[in-house]
Amino acid sequence: MKLAFLIRDRVKRLAVTVASVLLGLAPASAAQTNTEARPCLGAYIHIPELFGGESDAAKRQEAIERQLDLFKASGLRILLPYANTTSGAAEYPSDVIPRRVYGQWDPLAFLIAGAHKRGLEVCPVIVALDCGNSAPKGILLQHTDWALRDKTGKPLGSISPANSQARAYVVQVVKEIITRYKPDGILLDYLRFPNEPVQLDPAGQQQFDAQDKTVPAGPALQAFKEQALTQLAKEISLEARRAQPGLKIALYSWGPQVTHNHPVAQDWKTWARLG
């Protein structure tokens, strides 16, 4: 059976290395750690690809064991399994995310236990804000008011970081994964606005409209989006490290161009500077 980890494209391959460095998974120097420095080698894991269409739990677990052996033999050492999906579903038995792909069966727990038994590190990937893409799914079916809007005002499948209740939900998902699995680190994916013009959720729009407009609407909205996303990053960082002190947190980002005046409004340079 071939390795069932998928690296989506060249950008993703770069992100694996960047993510590993941000997580601190690579020793800075042999002198600092008293061990030989090793390269950062990891890959994203899409859990369904580990066992194909197999429905029997025992056979699924056997397949995961085989894949972990292949992963170990490949020289890779950091697994980045997606804990939830861009369609708003959990790939573990979540008590927070309303839709569970596998019911009460917990492939993430089995994967983590097997990886640690083989000396591998596991950093679950958490889809932060994408929840249906073009149309609301998952939690947004219950809370459409949390969704960003397209230019016509139609709700999108994207959670608004400008909504305080929506931010609390995202933080709750992160805390659940950390508390339940005690991972080696986490990687935050889709912690950004869509790469297209969007309108805010109703509550976020109300906050924005209440601001003193001393700058043009375009730059004011851009600043508001960057501040909202930075606030969510802060809340995740504080609560995640309260749940697991010293937790390593990584981010998937497109690069330096998104930190200022970009539709995704992902000012990760500020987040890194503030820890």
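Our structure is the block above this text.
Residues numbered from 1 in each chain as written. Predicted model: local features only at pLDDT ≥ 70, side-chain atom pairs only at ≥ 80, totals over all residues. Heavy atoms only, no water.

1. Quick notes on the pattern of salt bridges
No. 1: Under the counting rule described, the total for this entry stands at ten salt bridges.
No. 2: Notably, a salt bridge pairs Arg77 with Glu121, separated by 3.6 Å at the nearest N-O pair. Taken together, the residues Arg77 in the loop between helix H4 (57-74) and strand E2 (78-81) and Glu121 in strand E5 (residues 121-122) connect sequence positions 44 residues apart. With respect to class, Arg77 is no different from Glu121; both count as buried.
No. 3: In this structure, Glu239 and Arg242 form a salt bridge, with 2.3 Å as the shortest nitrogen-oxygen distance. (Salt bridge = Lys/Arg side-chain N within 4 Å of Asp/Glu carboxyl O. Helix = DSSP H or I, 4+ residues; strand = E, 2+ residues; numbered from the N terminus. Buried < 20%, exposed > 50% of the residue type's maximum accessible area, 1.4 Å probe, protein only.)

2. Considering the packing of helix H6 (residues 164-181) against helix H8 (residues 217-243)
No. 1: Running from N to C, H6 and H8 point in directions that differ by 30°, and their axes come no closer than 9 Å. What the angle tells us is that H6 and H8 run roughly parallel. Handedness of the H6/H8 crossing: right-handed. On the side of H6, the interface is formed by Arg167, Val170, Val171, Val174, Lys175, Ile178 and Thr179, while H8 contributes Ala228, Gln231, Leu232, Glu235, Ile236, Glu239, Ala240 and Ala243.
No. 2: In the contact of H6 with H8, the residues fall into nine nonpolar, two polar and four charged. (Axes fitted to C-alpha atoms, helices over the stretch in contact; angles between N-to-C directions. Parallel < 35°, antiparallel > 145°, perpendicular 65-115°, else oblique. Left-handed = near helix turned anticlockwise from the far one by under 90°. Contact = heavy atoms within 4.5 Å. Nonpolar A, V, L, I, M, F, W, Y, C, P; charged D, E, K, R; others polar.)

3. Section: the sheet that holds E5
No. 1: The parallel open sheet is built from three strands, whose spatial order is E1-E2-E5. Taken across any chain shown, the strands that pair with only one partner, and hence form the sheet edges, are strand E1 (42-45) and E5.
No. 2: Where E1 and E2 come together, four bridges link them in parallel fashion. Note that in E2 the partner of Gly42 across the bridge is Ile78.
No. 3: The strands touched by helix H5 (residues 107-117) within the sheet are E1, E2 and E5, with E2 carrying the most contacts at an inclination of about 175°. (Pairing = 2+ DSSP bridges.)

4. Some points on the sheet that holds strand E11 (residues 249-251)
No. 1: Pairing within the open sheet is parallel, and its three strands lie in the order E6-E10-E11. Of all the strands in the sheet, just strand E6 (125-127) and E11 have a single pairing partner and so form its edges. Neighbour-to-neighbour, the strand axes of this sheet turn through a mean angle of 30°, independent of strand direction.
No. 2: Looking at chain direction, strand E10 (residues 186-189) and E11 are connected through three bridges and run parallel.

5. Remarks on the packing of aromatic side chains
No. 1: In total, this model carries seven aromatic pairs according to the counting rule given.
No. 2: For the pair Phe51 and Trp105, a centre-to-centre distance of 5.7 Å together with 65° between the ring planes defines the contact as edge-to-face. With Phe51 in helix H3 (residues 48-51) and Trp105 in the loop between strand E4 (99-100) and H5, this pair connects stretches of sequence that are 54 residues apart.
No. 3: Put simply, the rings of Phe51, Tyr102 and Trp105 touch in pairs and so form one group of aromatic residues.
No. 4: Lys225 extends its terminal NZ or CZ atom over the ring of Phe193, reaching a point 4.9 Å from the ring centre. (Phe/Tyr/Trp six-rings, centres within 6.5 Å; stacked < 30°, edge-to-face > 60°. Lys NZ or Arg CZ within 6 Å of the ring centre and 35° of its normal.)

6. Description of the layout of surface pockets
No. 1: Considered as a void within the structure, the second largest pocket measures approximately 190 Å³ in volume.
No. 2: Around the second largest pocket sit Leu129, Asp130, Asn133, Leu156, Ser158, Tyr190, Arg192, Phe193, Pro194, Asn195 and Glu196, which together line it.
No. 3: Elements supplying a minimum of two residues to the lining of the second largest pocket: strand E7 (130-133) and strand E9 (155-159).
No. 4: For the lining of the second largest pocket, the class distribution of residues is five nonpolar, three polar and three charged. (1 Å grid on protein atoms, 1.4 Å probe; cavity = no way out; pocket = protein on both sides within 12 Å on 5 of 7 lines; lining within 4 Å. Points joined across faces, edges and corners; volume = space filled by probe spheres on them.)

7. Some remarks on unusual backbone geometry
No. 1: Its identity is not glycine, yet Lys182 carries a phi of approximately 45°, on the positive side.
No. 2: Structurally, Lys182 can be placed in the loop between H6 and E10.
No. 3: Positioned with a positive phi, Tyr190 is a non-glycine residue whose angle comes to about 55°.
No. 4: As for its placement among the helices and strands, Tyr190 is situated in the loop between E10 and helix H7 (202-209).
No. 5: Relative accessible area serves as the criterion here: at 17%, Tyr190 is assigned to the buried category.

8. Section: the nonpolar core
No. 1: Leu79, Tyr92, Ile159, Tyr169, Leu188 and Leu191 are the most contacted members of the largest nonpolar core, which totals 65 residues.
No. 2: Here this core gets nine residues from one element, more than from any other, and that element is H6.
No. 3: Among the nonpolar cores identified, the runner-up in size contains eleven residues, and Leu80, Val125, Leu187 and Ala250 belong to it. (Core = buried A, V, L, I, M, F, W, Y, C linked by side-chain atoms within 4.5 Å.)

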